[in-house]
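Topology and contacts: notes
So the chains spell out like this:
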Amino acid sequence: MSGTPSGAPGDSRARNGALLVVGDVVTDVIARHQGPLASGTDTVAAIRTMPGGAGANVACWAARRGEREVRLLGRVGADAVEWHERELTSDGVRPALVVDPQAPTGTVICLVDAGAAAERTFLTDSGASLRLEPRDWSDALLDGVAWLHLSGYLLFSAPSRELVTVALASARARGVPVSLDPASAGFLVELGVDRFLELVEGVDVLLPSRDEACLLTGLPDAVDAAAKLSRHVPLVVAKQGADGALVARSGTVTAHVPAEPAAPRDTTGAGDAFTGAFLAALLAGATPQEAAGEGCRAGALAVERVGGRPPRGG
């Protein structure tokens, strides 16, 4: 796009510096069951406990590229801080975890239908994860940072909403671009569309799912929804699952990036994988369309694995 300043979102130039992700760190309990749940009795399932959280997952998938430092600010309980720090470090992330003196680490029970679509339902206890607050933020967190990414889950509690406001202002003052993933259509309904759009004022890149984009615009068609959102946010990359991704700016969808073929086992974290890979590619100098292609490839890899984190060693 002509007139795009150097360093603006999507100008296809590599950015020097780290990616800072601010968001949720939780423990996922993933139960993969075949067919419908048997109400009032037992349902056979394969159950695993794994590290998760949208913010943490994004950071791990971004770090997988290995080209630059990825940092993560999150809040956990004393019950699991050492485990989460080890897991994040093993995935190449530099964690800055605040230990909550009262709340335990957030826990999400992921019920995954082991059928062809591998669709999932979440039962969420946010615990310490949404108790991030302004005093957990320091402008020094942006030292050496080229990009700030915010998990949309932060908008769903009063303390972390305040932190988002402070972090956005700090990034604006330093000229650091900011991206945000809305995170949950269900929580968006509770927050309200107008309130959400007010809170993300000043964000440079929005990465909604199809459902989130349609909810935020009131439009049933994903293309129309992405185009409309790009009148509010300079760059919108709408994740479409098996239909790939849409790239929109200035009220127009500029690209439809196809999905990569995959055999889904668990769709938990697929959107986080997309976001992390997209941001890493964008920081490395890819165009938004090219970065969305990287996101689709990461999403395909993610759905073929159980859990929301990337494979290690490859």
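Before reading further, recall that the structure is shown in the block above.
Described below are features of the structure shown in this document. (Residues numbered from 1 in each chain as written. Predicted model: local features only at pLDDT ≥ 70, side-chain atom pairs only at ≥ 80, totals over all residues. Heavy atoms only, no water.)

Regarding the overall build of the protein
Of the regular secondary structure elements, the protein holds nine helices and 13 strands. In terms of overall size, the protein behaves like a compact globule, its C-alpha atoms giving a radius of gyration of 18 Å where 314 residues would be expected to give roughly 20 Å. Considering only C-alpha atoms, the protein reaches an extent of 60 × 45 × 40 Å along its principal axes. For the protein, the centre of its 28 positive side-chain charges and the centre of its 37 negative side-chain charges are spaced 4 Å apart. (Helix = DSSP H or I, 4+ residues; strand = E, 2+ residues; numbered from the N terminus. Rg over C-alpha atoms; globule rule 2.2 N^0.38 Å. Lys, Arg positive; Asp, Glu negative; His and termini not counted. Charge placed at Lys NZ, Arg CZ, Asp CG, Glu CD.)

Structural notes on the packing of helix α1 (residues 54-63) against helix α8 (residues 270-283)
At a minimum axis separation of 7 Å, α1 and α8 run at an interaxial angle of 45°. The angle between the axes of α1 and α8 places the two elements in the oblique class. Between α1 and α8 lies a crossing of right-handed hand. In contact with A54, N57, V58, W61 and A62 of α1, α8 contributes D272, A273, T275, G276, A277, L279 and A280. Considered class by class, the residues forming the contact of α1 with α8 number eight nonpolar, three polar and one charged. (Axes fitted to C-alpha atoms, helices over the stretch in contact; angles between N-to-C directions. Parallel < 35°, antiparallel > 145°, perpendicular 65-115°, else oblique. Left-handed = near helix turned anticlockwise from the far one by under 90°. Contact = heavy atoms within 4.5 Å. Nonpolar A, V, L, I, M, F, W, Y, C, P; charged D, E, K, R; others polar.)

Observations concerning the pairing of strand β8 (residues 145-151)
Counting buried positions along β8 gives seven out of seven residues, so the element sits mostly inside the fold. Of the pairings in the sheet, the one linking strand β1 (residues 18-22) to β8 comprises five bridges and is parallel in character. From the neighbouring strand, L20 faces β8, where its bridge partner is L148. Taken together, β8, helix α3 (residues 158-174) and strand β9 (residues 178-181) form a β-α-β motif whose crossover is right-handed. (Buried < 20%, exposed > 50% of the residue type's maximum accessible area, 1.4 Å probe, protein only. Pairing = 2+ DSSP bridges. Right-handed = clockwise from strand over helix to strand, strands pointing away.)

A word on the sheet that holds strand β6 (residues 106-113)
Read across the sheet, four strands follow the order β3-β2-β6-β7 without closing on themselves; strand pairing throughout is mixed. Because the sheet does not close on itself, it has two edges, and the strands there are β3 (45-52) and β7 (120-125). Going across the sheet, the axis of each strand differs from the next one's by a mean of 20°, ignoring polarity. In the sheet, strand β2 (residues 26-33) pairs with β6 via eight bridges, with the strands oriented parallel. Residue pairing in the sheet places V26 in a bridge with G106 of β6.

Brief notes about the packing of aromatic side chains
Applying the stated criterion across every chain yields a total of four aromatic pairs. Relative to F156, the ring of Y153 has its centre 6.1 Å away and its plane inclined at 85°; by these criteria the two rings are edge-to-face. With respect to burial, Y153 and F156 carry one shared label: buried. Ring centres of Y153 and F187 lie 6.0 Å apart, and the angle between their planes is 80°; on these two criteria the pair is classed as edge-to-face. Separated by 34 residues along the polypeptide, Y153 in the loop between β8 and α3 and F187 in helix α4 (residues 185-191) bring together distant segments of the chain. The exposure class assigned to F187 is partly exposed, which follows from its relative accessible area of 22%. (Phe/Tyr/Trp six-rings, centres within 6.5 Å; stacked < 30°, edge-to-face > 60°.)

Some details on α8
Helix length check: α8 (14 residues) gives 20 Å between terminal C-alpha atoms against 20 Å at 1.5 Å per residue, within 8%. By the criterion of burial, α8 is predominantly enclosed, with 13 of the 14 residues buried. Residue G285 follows α8 closely and has a positive phi angle near 110°. (Expected span 1.5 Å × (residues − 1).)

Thoughts on the environment of E304
Counting through the fold element by element, E304 comes out in the segment after α9 (288-303). Separated by 233 residues in sequence, E304 and R71 have C-alpha atoms that sit 26 Å apart. What E304 contacts, discounting residues up to four positions off in sequence, is A262, A263 and R265. Here the side chain of E304 touches A263 through a polar contact of 2.9 Å, landing on its backbone nitrogen. (Polar contact = N/O pair within 3.5 Å; in protein donor to acceptor, adjacent residues only side chain to side chain.)

Quick notes on the nonpolar core
Formed by 46 residues in total, the largest nonpolar core has its most connected members in V22, W137, L148, L150, L155 and F196. Per element, the largest residue contribution to this core is five residues, and it comes from α3. Setting aside residues no more than four positions away along its own chain, W137 makes contact with L20, V22, L73, L142, L163, V166, A167 and S170. Among the nonpolar cores identified, the runner-up in size contains 37 residues, and A56, L235, A280 and A286 belong to it. (Core = buried A, V, L, I, M, F, W, Y, C linked by side-chain atoms within 4.5 Å.)

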